[in-house]
Every structure is written in C-alpha cells, then in structure tokens.
Amino acid sequence: MLKIAYDPIYAFQLPEGHRFPMLKYELIPQQLLHEGLITAENLFSPGGKIDEATILLTHEKAYWEQLRDLTISAKDARRIGFPMSARLIERSATISKGTVVACHHAFENKVAFNAAGGTHHAGTNWGEGFCMLNDQAIAANYLLANNLASSILIVDLDVHQGNGTAQIFERESRVFTFSMHGANNFPFRKEHSDLDIPLPDHMADDEYLSILYDTLPKLIAQSKPDFIFYLAGVDVLATDKLGKFDLTKQACKARDRFVFEQCIKNNIPVQVSMGGGYSPNVRDIVDAHCNTYRVAVDLYF
C-alpha cells in the first residue's frame, strides 16, 4: 500500500497575499481522495514533531535552538521568508518526522511519500527559500545513524539547486547528492553537489528528459545506493512564475515515471518529498504534484 505522510499542520495559515502557495498541501490529498486514487488509509500522520537528537544529526545545535526558541534574527528570518512562530517551527519538525517515518514505509513497500517536504535550501546552520529544517537530509542521516542504509542517493529535480543538501553532505561519502536545476535561478550562491547539472533558461521537454535519461542510470550504477530520496519539485513547469523552464506537465510526469522505473529496475526503495511549485494557478501545481502520485500507484500498486 502507498503510504503518504500528511498532517493538517502542513497547510499552515500564512498572512493574506503571501507568495508561498501553502494551500497546495491541503488540496493535494483532497484531490487524490476525490479521484479514488487513495483512501484515508493511505495517509498517516507523522505523530508529532521529530526529536531533537535526530535534528542534531544534521543541523547545528545553536541554529536549531534559535528556531525552537524563536530567537532567530530578523535578518535570518527574512532569508527564510516566513513569519516566525512556534506553530511554524512545529510544522517544520512534523514534516521532517513525516519523511523519516516514510522511509520505514519505503523499506516495506518500495516507495513512500511525504505530502510536503523537499526543504533542500536549509543547511547545517541556516534556513532560506521557505526552508528551515532539511527533511530529506535529516532522514538520510537518520538512516545512516541507525544502520538502515549504507549508501544513499539524493535525486533533486526541483528547478532550484539543493544547496542546503549539498552543503550538509559535502564531506559525507555515503550520501551522493545530485541536483539538476536552473543555472540562472535561486539560490544565486550555489553549493557543490556531488553532481550538479546546471541548465539554461527555457529548457524544453525533450532536452531535459534526454539529459535525465542519460544521467540517472549511470549515477545509480556508479553510486550503488541502497536507498534513494527523490525531490519531485514541479517548479520546472512552463507555468511556474519562479521556474524559468518551459516544461509541460507531460514531461514532468515522464520525469517522475523514469525515476521510479530506475528505482524499480534496481530494487531500491525511494522516499519522495514534493518540493517547490509556484504556478499562479494553484490547480497547475496540484495537478502536477498529483501526477507524481498517479505514476507511483500505476507502477508500484
């Protein structure tokens, strides 16, 4: 059975007019339920916040305490982009736990989702770009610390570089970080992933997919992972106001299918976090995200 981490706290209430499309976290599970693709049984609550010891496998203690105690500077809060509150920090810690628990479901069912997450701009001691705790990095370090995986591949196909993830694992040989992103897009100061593929503006379907099809199988053969994290951002769409690419929903769906097919072919469990999506029409965001679930159900179940 496909298991999806979701909690009502994911759809955090932001000030009116805020540019982050928080509504999508409420609409994605609603749409999947409406289609009959899933039932309530597929959804699981993370069961509260992740414990501090697990957070501190990834993030520096001083940074986490600034978040936890709401003592983070106004400048650093602006870099994150959200109005700080205890409820917002609880949300981030709950999402991170959802990704960790989803890993256990992925071991059992070969694939599992978090309906939020993909907070790849958070580094060891900073947050930015709507990211405070790096959920997939936290989960990867959790797997390593508990001897649940020994070689991990992070496949980051959000349109923005996974700079926080790259920085967190820059000296960790057991985690291979792969980011395929817009060269001229945020973050403007890039970190060094194990493999970065910076792409030009207006990247179209065929060229994008050709690069992915050529790269990912070689990468899996080279890094020999026993677990994969997939960040399935839909800000690659032509409709995305922050993306700068020209991809169609069909290409985005083909991307997801190929990633899952490679996981299946190599018998590697995969945890999926949703990443970014900023199309003006929230329906475009939700439909593209739901395509990732549709493909997974089709291939795995």
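Residues numbered from 1 in each chain as written. Predicted model: local features only at pLDDT ≥ 70, side-chain atom pairs only at ≥ 80, totals over all residues. Heavy atoms only, no water.

**Digging into the overall build of the protein chain**
(1) Moving on: What the protein chain contains, in helices and strands, is 10 helices and 8 strands.
(2) Moving on: Taking 301 residues into account, the globule formula puts the C-alpha radius of gyration at 19 Å, and the protein chain, at 17 Å, falls close to it.
(3) Moving on: Across its three principal axes, the protein chain shows a C-alpha extent of roughly 45 × 40 × 40 Å.
(4) Moving on: Pairs at least 24 apart in sequence give 75% of the contacts found in the protein chain among residues at least 6 apart.
(5) Moving on: Only carbon and sulfur atoms are counted for the fraction: they give 50% of the accessible area of the protein chain, which is about 12,000 Å².
(6) Moving on: Distance between charge centres in the protein chain, computed from 28 positive and 36 negative side chains, equals 2 Å. (Helix = DSSP H or I, 4+ residues; strand = E, 2+ residues; numbered from the N terminus. Rg over C-alpha atoms; globule rule 2.2 N^0.38 Å. Contact = heavy atoms within 4.5 Å. Areas by Shrake-Rupley, 256 points an atom, 1.4 Å probe, with all protein chains shown as cover. Lys, Arg positive; Asp, Glu negative; His and termini not counted. Charge placed at Lys NZ, Arg CZ, Asp CG, Glu CD.)

**Some details on the state of the cysteines**
(1) Moving on: Scanning the entire structure with this criterion turns up 0 disulfides.
(2) Moving on: Cysteine Cys103 is unpaired, with the sulfur of Cys263 as its nearest cysteine sulfur at 13 Å.
(3) Moving on: No disulfide involves Cys290; its nearest neighbouring cysteine sulfur is the one of Cys252, lying 12 Å away.
(4) Moving on: The exposure class assigned to Cys290 is buried, which follows from its relative accessible area of 0%. (Disulfide = S-S within 2.5 Å. Buried < 20%, exposed > 50% of the residue type's maximum accessible area, 1.4 Å probe, protein only.)

**Quick notes on the environment of Asp214**
(1) Moving on: Along the chain, the position of Asp214 falls in helix H8 (residues 205-223).
(2) Moving on: Its relative accessible area of 42% is what places Asp214 among the partly exposed residues.
(3) Moving on: Separated by 18 residues in the primary sequence, Asp214 and Asp196 place their C-alpha atoms 14 Å from one another.

**Details of unusual backbone geometry**
(1) Moving on: That bond from Phe186 to Pro187 is cis: its omega, -5°, falls within 30 degrees of zero.
(2) Moving on: Along the chain, the position of Pro187 falls in the loop between strand E5 (175-182) and strand E6 (195-199).
(3) Moving on: For Lys244, which is not glycine, the phi torsion reads 70° and is therefore positive.
(4) Moving on: Secondary-structure assignment places Lys244 in the loop between strand E7 (227-231) and helix H9 (249-265).
(5) Moving on: We classify Lys244 as partly exposed; its relative accessible area is 38%.
(6) Moving on: Even without being a glycine, Asn267 presents a positive backbone phi close to 55°.
(7) Moving on: Of note, Asn267 is situated in the loop between H9 and strand E8 (270-273).

**Remarks on the packing of aromatic side chains**
(1) Moving on: Scanning the entire structure with this criterion turns up 17 aromatic pairs.
(2) Moving on: On the numbers, 6.2 Å between centres and 25° between planes, the contact of Phe20 with Tyr25 is stacked. In terms of burial, Phe20 and Tyr25 fall into one category: buried.
(3) Moving on: Consider the rings of Phe107 and Phe227, whose centres lie 5.1 Å apart with planes at 55°: the pair is tilted. Note that Phe107 is positioned in helix H5 (residues 86-109) and Phe227 in strand E7, a separation of 120 residues in sequence.
(4) Moving on: Through successive ring pairs, a cluster of aromatic residues spans Phe113, Tyr230, Phe260, Tyr293, Tyr300 and Phe301. (Phe/Tyr/Trp six-rings, centres within 6.5 Å; stacked < 30°, edge-to-face > 60°.)

**Quick notes on the packing of H9 against helix H10 (residues 282-300)**
(1) Moving on: For the pair H9 and H10, the least separation of the axes is 9 Å and the interaxial angle reads 30°. Comparing their axes, H10 and H9 come out roughly parallel. The way H9 lies across H10 gives a crossing that is right-handed. Each of Lys249, Lys253, Asp256, Arg257, Phe260, Glu261, Cys263 and Ile264 in H9 lies in contact with H10, whose residues at this interface are Arg283, Asp284, Asp287, Asn291, Thr292, Val295, Ala296, Asp298, Leu299 and Tyr300.
(2) Moving on: Grouping the amino acids of the contact of H9 with H10 by side-chain chemistry returns 7 nonpolar, 2 polar and 9 charged. (Axes fitted to C-alpha atoms, helices over the stretch in contact; angles between N-to-C directions. Parallel < 35°, antiparallel > 145°, perpendicular 65-115°, else oblique. Left-handed = near helix turned anticlockwise from the far one by under 90°. Nonpolar A, V, L, I, M, F, W, Y, C, P; charged D, E, K, R; others polar.)

**Observations concerning H9**
(1) Moving on: Relative to the 24 Å expected for 17 residues at 1.5 Å per residue, H9 spans 24 Å between its end C-alpha atoms, a close match to the ideal helical length.
(2) Moving on: Buried residues of H9: Ala251, Cys252, Arg255, Asp256, Phe258, Val259, Phe260, Gln262 and Cys263, and no others.
(3) Moving on: If you follow the buried residues of H9, they end up packed against strand E3 (111-114), H8, E7, E8 and H10.
(4) Moving on: Asn267 sits one or two positions beyond H9 and adopts a positive phi of about 55°. (Expected span 1.5 Å × (residues − 1).)

**A look at the pairing of E5**
(1) Moving on: In terms of burial, E5 is a largely internal element, 8 of the 8 residues being buried.
(2) Moving on: Where strand E4 (residues 152-156) lies against E5, 5 bridges are found, and the strand directions are parallel. By the bridge assignment for E5, Ile154 is matched with Thr177.
(3) Moving on: In the classification by handedness, the crossover that spans E4, the intervening helix H7 (residues 163-168) and the parallel E5 is right-handed.
(4) Moving on: Direction of pairing for E5 relative to E6: parallel, over a ladder of 5 bridges. (Pairing = 2+ DSSP bridges. Right-handed = clockwise from strand over helix to strand, strands pointing away.)

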